[in-house]
Structures are given as C-alpha cells and as structure tokens.
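Close look at the chain arrangement
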Amino acid sequence: MSPVVSPPPVSWFQRLLQGAMAACLAVMALSVFVNVVLRYGFGNGIAASEELSRLLFVWLVFIGATAAYPRGEHMAFTSLLGLLQQRPRALALMAALIRLLVVFACALLAWGAWQQVSVGWASRSVVLGYPNALLPLPALLCALAIGVMALAELLRNAPLHLSHGAEVE
C-alpha cells in the first residue's frame, strides 16, 4: 500500500485563477445553453453568444495553463530525468536548462502576443464591439506569469516535479 501524499497548499493566486476559470466556464455554459434554447425553441438565437464563448474559451485555456504550471501539471517527459535521479548534479543542470528553455519560450510567446495585442487595440469585434486585443491578451499574461514563475524557480534552484507517474494511462 502506497503512502497518502497530501496535495500542496492552495495559494491565493491559485484560488484567484480557479475562480476566474469557474466564472469563464459558467458564463460560457449559460450563454451557450440560453442560445440553444432560444434557437431551437423559438427559432431565434443571440448573435453575441458565439463571440462571447470564443473569447471566454481563449481566456479559460490560458488561465488554466497559468494555474497548471506551479503545480507541475503540464505534460512532462520524465524518462530522461528519471535516469538522472542517481546523478544529482546532472539533474540540477538539466533542471536549470529546462527552466531556461521555459523562460525563452515564454519570452517568444510574450513578444508575439504583445505584437497582436498592440495591433488589436485599433479594431473591434464584429458583434460585441470589444477591442480585438482581448483575444491575444491572455497569451501575453500567461507567458509573463509562467516566465516569472520559471525564472523564480531557476533562481531558487527548485527541484523538478518528477512524480507524474499517477497521470500515465
């Protein structure tokens, strides 16, 4: 029998992200449900429902990616790292390299998202009229948040999460 491992404590940041994800999902579900009922029940739907759902889905995905990072819940290929567990120095170097690559990838994503945000302020969505910058904005915020978290882990020399075995199918 394996020992019971308690999950890490949930921070205020995690609670904030979980609340934002729940709000996005609730508004999306309600919007789509009402639109389906109106369309099939009364032959007329809400034009803004699809646009609102698309916007909220984009936000939901990037908020979820941000929430998953500090808990080590992103997809991980740990077979090479598992071989390095007997060599702590090599594992520490690999962890630093991985974190540097994460920071680099976040910088690339943030740069591209910033370009899209800066262009999007000048145009509006078709139905709701919100600035089109709201679509790439969560990618920018996600890249900044994950980049800062990875940089902090790099500076603290935090160990990698290698206990992903329970998630394997």
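Provided above is the structure to which this section pertains.
A brief report on the enclosed structure follows. Note that the structure is a prediction, hence the values are computed from the model and not measured. (Residues numbered from 1 in each chain as written. Predicted model: local features only at pLDDT ≥ 70, side-chain atom pairs only at ≥ 80, totals over all residues. Heavy atoms only, no water.)

1. Some points on the overall build of the chain
Rule in force here: Only DSSP runs of H or I covering at least 4 residues are called helices, and only runs of E covering at least 2 are called strands; the numbering of each starts at the N terminus. Accessible area is worked out with a 1.4 Å probe on protein chains only. A residue is then buried under 20% of its type maximum, exposed over 50%, and partly exposed in between. Note on contacts: a residue pair is in contact if any heavy atoms of the two residues lie within 4.5 Å. The accessible surface values rely on the Shrake-Rupley method and a 1.4 Å probe; as for residues, cover is taken only from the protein chains in view.
Within the chain, the secondary structure is distributed over 5 helices and 0 strands. Listing the helices and strands of the chain from first to last along the sequence gives α-α-α-α-α. Evaluated residue by residue, the chain yields a buried proportion of 28% over its 169 residues. Within the chain, counting contacts between residues at least 6 apart in sequence, those at least 24 apart form 71% of the total. Taken as a whole, the chain presents about 11,500 Å² of accessible surface, with 70% of it coming from carbon and sulfur.

2. Considering unusual backbone geometry
Unusually for a residue other than glycine, asparagine 157 sits at a positive phi of about 55 degrees. For asparagine 157, the location among the structural elements is in the segment after helix H5 (137–156). According to the relative accessible area criterion, asparagine 157 is exposed, its value standing at 53%.

3. Points about the packing of aromatic side chains
Here is the rule we go by: Each Phe, Tyr or Trp ring (for Trp, its six-membered ring) is paired with any other whose centre lies within 6.5 Å, and the angle between the two planes then decides the class: stacked below 30 degrees, edge-to-face above 60, tilted in between.
Scanning the model with the defined rule gives 1 aromatic pair in all. With a centroid separation of 6.0 Å and 75 degrees between ring planes, the pair formed by tryptophan 12 and phenylalanine 13 is classed as edge-to-face.

4. Concerning the packing of helix H2 (residues 48–68) against H5
Under the convention used in this document: Note on geometry: axes are C-alpha line fits, over the in-contact stretch for helices, and angles between N-to-C directions span 0 to 180 degrees. Note that the term roughly parallel is reserved for angles under 35 degrees, roughly antiparallel for angles over 145, roughly perpendicular for angles of 65 to 115, and oblique for everything else. In this classification, the charged set is Asp, Glu, Lys and Arg, the nonpolar set is Ala, Val, Leu, Ile, Met, Phe, Trp, Tyr, Cys and Pro, and all remaining amino acids, among them Gly, are polar.
Two elements in contact, H2 and H5, have axes whose closest approach is 9 Å; the angle formed by their N-to-C orientations is 0 degrees. Considered as vectors, H2 and H5 are oriented roughly parallel to each other. Contacts between H2 and H5 involve Val58, Trp59, Phe62, Ala65 and Thr66 from the first element and Leu137, Pro138, Ala139, Leu141, Cys142, Ala145, Ile146 and Met149 from the second. Of the residues that constitute the contact of H2 with H5, the class distribution is 12 nonpolar, 1 polar and no charged.

Nothing here speaks to function; it is all geometry.
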